[in-house]
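Read off the chains here:
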Amino acid sequence: MSTAAPRTAGPDHLWSVDEHLDDILATVRPLEPIELQLLDAQGCVLVEDITVPVSLPPFDNSSMDGYAVRVADIAGASERYPAALEVIGDVAAGQTDLLHVGPGQAARIMTGAPLPPGAETVVPVEWTDGGLGEGPATGMRARSLAPEGATGQVCVHRPAAARAHVRAQGSDVRAGDRALDAGTVLGPPQISLLAAIGRGTVRVRPRPRVVVLSTGSELVQPDEQLGAGQIYDSNSFALTAAARDAGAIAYRVGAVADDAATLRDTIDDQLVRADLMVTTGGVSVGAYDVVKEALSYAADEDEPGSGVDFRRLAMQPGKPQGFGSIGPDHTPLLALPGNPVSSYVSFELFVRPAIRTLMGLTDVHRPRTRAKLVTDRALTSPAGRRQFLRGRYADGTVTPVGGAGSHLVAALAQANALIVVPEDVESLAPGAEAEVVLLG
């Protein structure tokens, strides 16, 4: 959550990308830890080290369906001269009343079943006749269909070394070992490990709840009929999907018309389910930029430290930005531009790191690399602006995709990277080395 309002500056101040991002990350704080059931903790970040309470496996067990035997009884066994052993019964997974394997004896054993006392190794069923008195077996007959298969005689056609096909107790992890470190993001393998060592709940920072809403009377929902001067609302879908991709639980709100009172009421209604609010559109200098109109207010007496600051950034696209906190809980709010590319680039640079910070992660940024620029002509960039161009990265090279227009959604859909042109660079020649932000 947010702890204080962001810094303010004069109306003519041009904020750098780094200043704006630093302000956001200095204000947003990780969410408080809670105890969650395992499946509810998927995607969350551990806040405690997890120590193994019981070894895995907790006992020696078979890795094959076959026969538990003594090594000496099958030494020298071959197809011509098999070792004939007395089958004394079955050992199934979960069985607690174990047989004792003595000289000349074998017990049918199933995968995962405890190695019975007296047995030293496991012979796969394919190395035996399966008790049928014929050639090599391909499997065991189900006990329910042939109960007599659990007794009688079995011929073993190959020898096995001691503890062959046996999973040793603690061969995965031992009691007292560190299973997972604090800071681990819980995915399916980690949840599997927690369940395997008997943990039903874990203490984590919850996934942040992010509410995304777009503004504009011209916006129409997909599947509806477009009228004159109308466009489909794509920003709220893009940003909601991006928030989920970043690890958040994201809620999309339908587009809000250009009315400041309606927008403020909508935001107030959504605060109950938001750890972070994201708006798109209405942050520039137009007469209908309602986000700026609705949220450009001084700190309320009842909400000290709240307020939203609207800024101009030295970047392209995405010059107009807003950031602050609203409501009694000082919920962080990031107001992004309305052009689709501006909105998405702003999300990647500012909102994604905020979400990852709320999660309690230390590495909150997309990875970056250097790549050779593949293009027919030089890329130009306005002086004093950090430009982010869409690109396609592969094998150490990056190729621009589409033009510089901030409305080109189709080009954005083809990009997997952003080409960064620094503030002090006005041209990047073909073959130049460029910094690249990897988007996926």
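Residues numbered from 1 in each chain as written. Predicted model: local features only at pLDDT ≥ 70, side-chain atom pairs only at ≥ 80, totals over all residues. Heavy atoms only, no water.

(A) Focus on the nonpolar core. Core analysis: the largest hydrophobic core is formed by 40 residues, its most contacted members being F350 and I355. Secondary structure elements with two or more residues in this core: helix 1 (17-27), strand 14 (209-215), helix 4 (235-245), strand 18 (276-280), strand 22 (331-336), helix 7 (340-359) and strand 27 (417-421). L213, L263, V283 and A294 belong to the second largest nonpolar core, which has 20 residues in total. (Core = buried A, V, L, I, M, F, W, Y, C linked by side-chain atoms within 4.5 Å. Buried < 20%, exposed > 50% of the residue type's maximum accessible area, 1.4 Å probe, protein only. Helix = DSSP H or I, 4+ residues; strand = E, 2+ residues; numbered from the N terminus.)

(B) Geometry of the pairing of strand 14. With 6 of its 7 residues buried, strand 14 lies for the most part within the structure. One ladder, built from 6 bridges, connects strand 14 with strand 17 (residues 249-256); its direction is parallel. Of the residues in strand 17, the one forming a bridge with L213 is V253. Bridge count between strand 14 and strand 18: 5 bridges; the pairing is parallel. Following the sheet pairing, V210 is matched in strand 18 by L276. (Pairing = 2+ DSSP bridges.)

(C) Examining the environment of I249 more closely. Take I249: it is sitting in strand 17. Residue I249 is classed as partly exposed on the basis of its relative accessible area, which comes to 32%. Remark: the alpha-carbon pair of I249 and H365, spanning 116 residues in sequence, is separated by 19 Å. In this structure I249 touches R207, P208, R209 and V210, once residues within four positions along its chain are discounted. (Contact = heavy atoms within 4.5 Å.)

(D) Highlighting empty space enclosed by the protein. The final tally for this structure, using the stated rule, is 1 cavity of 30 Å³ or more. By volume, the largest cavity is sized at about 60 Å³. Along the walls of the largest cavity sit 11 residues, with G130, L132, G139, M140 and R141 positioned nearest its centre. (1 Å grid on protein atoms, 1.4 Å probe; cavity = no way out; pocket = protein on both sides within 12 Å on 5 of 7 lines; lining within 4 Å. Points joined across faces, edges and corners; volume = space filled by probe spheres on them.)

(E) Focus on the packing of aromatic side chains. Counted by the stated rule, this structure contains 0 aromatic pairs. When the ring centre of W127 is taken as reference, the NZ or CZ atom of R158 above it lies at 3.9 Å. Its end group placed over the ring of W15, R311 keeps NZ or CZ at 3.8 Å from the ring centre. (Phe/Tyr/Trp six-rings, centres within 6.5 Å; stacked < 30°, edge-to-face > 60°. Lys NZ or Arg CZ within 6 Å of the ring centre and 35° of its normal.)

(F) Focus on the sheet that holds strand 21 (residues 320-326). Taking strand neighbours across the sheet as the criterion, the 7 strands line up as 1-19-21-22-18-14-17 in an open arrangement whose pairing is mixed. Each having just a single partner strand, strand 1 (14-15) and strand 17 make up the two edges of the open sheet. Helix 7 rests against strand 14, strand 18, strand 19 (307-313), strand 21 and strand 22 of the sheet, and its axis sits at about 165 degrees to strand 22. (Axes fitted to C-alpha atoms, helices over the stretch in contact; angles between N-to-C directions.)

(G) Representation of the side chain of D129. The topology assignment puts D129 in the loop between strand 9 (121-124) and strand 10 (152-156). Judged by its relative accessible area of 2%, D129 is buried. Separated by 2.8 Å, the side chain of D129 and the backbone nitrogen of G131 make a polar contact. Within the structure, D129 has its side chain in polar contact with the backbone nitrogen of C155 (distance 3.0 Å). In this view, D129 contacts E134, G135, A137, V154, C155 and H157; residues no more than four positions away in its chain are not counted. (Polar contact = N/O pair within 3.5 Å; in protein donor to acceptor, adjacent residues only side chain to side chain.)

(H) The arrangement of helix 5 (residues 260-270) in detail. All buried positions along helix 5 are accounted for by A260, L263, T266, I267 and Q270. Looking straight down helix 5, one finds that the buried residues subtend no more than 125 degrees of arc, so they occupy a single side. Residues of helix 5 that are buried make contact with strand 14, strand 17, strand 18, helix 6 (290-295), strand 21 and strand 22. (Arc of directions from axis to C-beta.)

(I) Seen up close, the environment of L389. For L389, the location among the structural elements is in strand 25 (residues 386-394). Judged by relative accessible area, L389 falls into the buried class, the value being 9%. Expressed as a C-alpha distance, the spacing of L389 and V345, which sit 44 residues apart in the sequence, is 9.2 Å.

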